[in-house]
Each structure stands twice: as C-alpha cells, then as structure tokens.
Amino acid sequence: MLGSLFRYDVRILLVLAIVLAILLAQDQDEGNVARMAAFFDILGDVLGLFALQPELFRGTSTKKTERETDALEELSQPAL
C-alpha cells in the first residue's frame, strides 16, 4: 500500500506530508509537537540510511554468518 504512494508526483507527497503534519499538530502543546518532530526526524534519518545501505534491513536478520553457524554447532555438541 505505501509503495504505491511513492509513485505519485512529488508535489502530491509534499502536500500530503504538510496536511499530515497539520493534523498531527492540532490540539497539541509545543512539547508534544517537538517530540513528534524529533521522532519523525529520527525516522527519516533511519529510512535515509536504509536507502543508502539496503543490506542493513534486507534479509540480514535471517542469514547466519559462518562464524555464527560454527558457534552454534559447538554449543550443540555434548561436552566431553
């Protein structure tokens, strides 16, 4: 669903972001708005990092390195 949003003209996404920010900020005090801004700033930074280094989130959590595999095999061996 979200992937289809990013196929639109960038101006539409800009307007969508502004409208969403206005809706989120309504009836909030300055502290809450600042916390939301910090949260979304971090979110944007992490997404930017993933865009630059996709290996950080694509399938790396399920792949075991050779070293991890060897360590697991040693742990599963009975002690002598």
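Here is what the cut-offs are and how they apply
Counting restarts for each chain, with residues numbered from 1 along the sequence as it is written. Given that this is a predicted model, residues contribute local features only at a pLDDT of at least 70 and side-chain atom pairs are listed and counted only at 80 or more, while totals for whole chains, interfaces and linings are drawn from all residues. In computing side-chain values, all of the structure's heavy atoms are included and hydrogens and water are not. The secondary structure listing takes helices from DSSP runs of H or I that are at least 4 residues long and strands from runs of E that are at least 2 residues long, numbered from the N terminus. Partly exposed describes any residue whose relative accessible area lies between the buried limit of under 20% and the exposed limit of over 50%, with all areas from a 1.4 Å probe on protein chains only and scaled to the type maximum. What sets the accessible areas is the Shrake-Rupley method with a 1.4 Å probe; for residues, cover comes only from the shown protein chains. Here the aromatic set is Phe, Tyr and Trp, taking the six-membered ring for Trp, and pairing holds for ring centres within 6.5 Å; pairs whose planes are under 30 degrees apart are stacked, those over 60 apart are edge-to-face, and all others are tilted. By this rule the span expected of a helix is its residue count minus one, scaled by 1.5 Å. Polar contact is the term for a pair of N or O atoms within 3.5 Å; when the atoms are in protein, one must be able to donate a hydrogen and the other to accept it, and sequence-neighboring residues count only if both atoms are side-chain atoms.

Asker: Just checking my understanding: could you explain the overall build of the protein for this structure?
Answerer: Counting its secondary structure elements, the protein contains four helices and zero strands. Taken from N to C terminus, the helices and strands of the protein fall in the order α-α-α-α. For the protein, the residues scored as buried account for 0% of the 80 residues in total. Here the protein displays about 7,600 Å² of accessible surface, and carbon together with sulfur accounts for 65% of that area.

Asker: Before we go on, may I ask you to explain the packing of aromatic side chains in this structure?
Answerer: Two aromatic rings are characterised by how far apart their centres lie and by the angle between their planes. What the rule picks out here adds up to two aromatic pairs. On the numbers, 5.0 Å between centres and 80° between planes, the contact of Phe 39 with Phe 40 is edge-to-face. Looking at Phe 40, the relative accessible area reads 41%, which means it is partly exposed. Ring geometry for Phe 50 and Phe 57: centres 4.9 Å apart, planes at 35°, overall tilted. Residue classification places Phe 57 among the partly exposed residues on the basis of a relative accessible area of 42%.

Asker: Please explain helix H3 (residues 30–52) as it appears in this structure.
Answerer: For an α-helix, the turn length of 3.6 residues means that residues three or four places apart are oriented alike. Along its 23 residues, H3 runs 33 Å from first to last C-alpha, staying within 8% of the 33 Å computed at 1.5 Å per residue. You can read the cap of H3 off the contacts: a side-chain oxygen lies 3.2 Å from the backbone nitrogen of Gly 31, and it is on Asp 29.

Asker: What is the right way to read helix H2 (residues 10–25) from this model?
Answerer: For H2, which comprises 16 residues, the first-to-last C-alpha distance of 23 Å matches the rise-based estimate of 22 Å (1.5 Å per residue) to within 8%. Phi turns positive, to about 60°, at Asp 27, one or two residues after H2.

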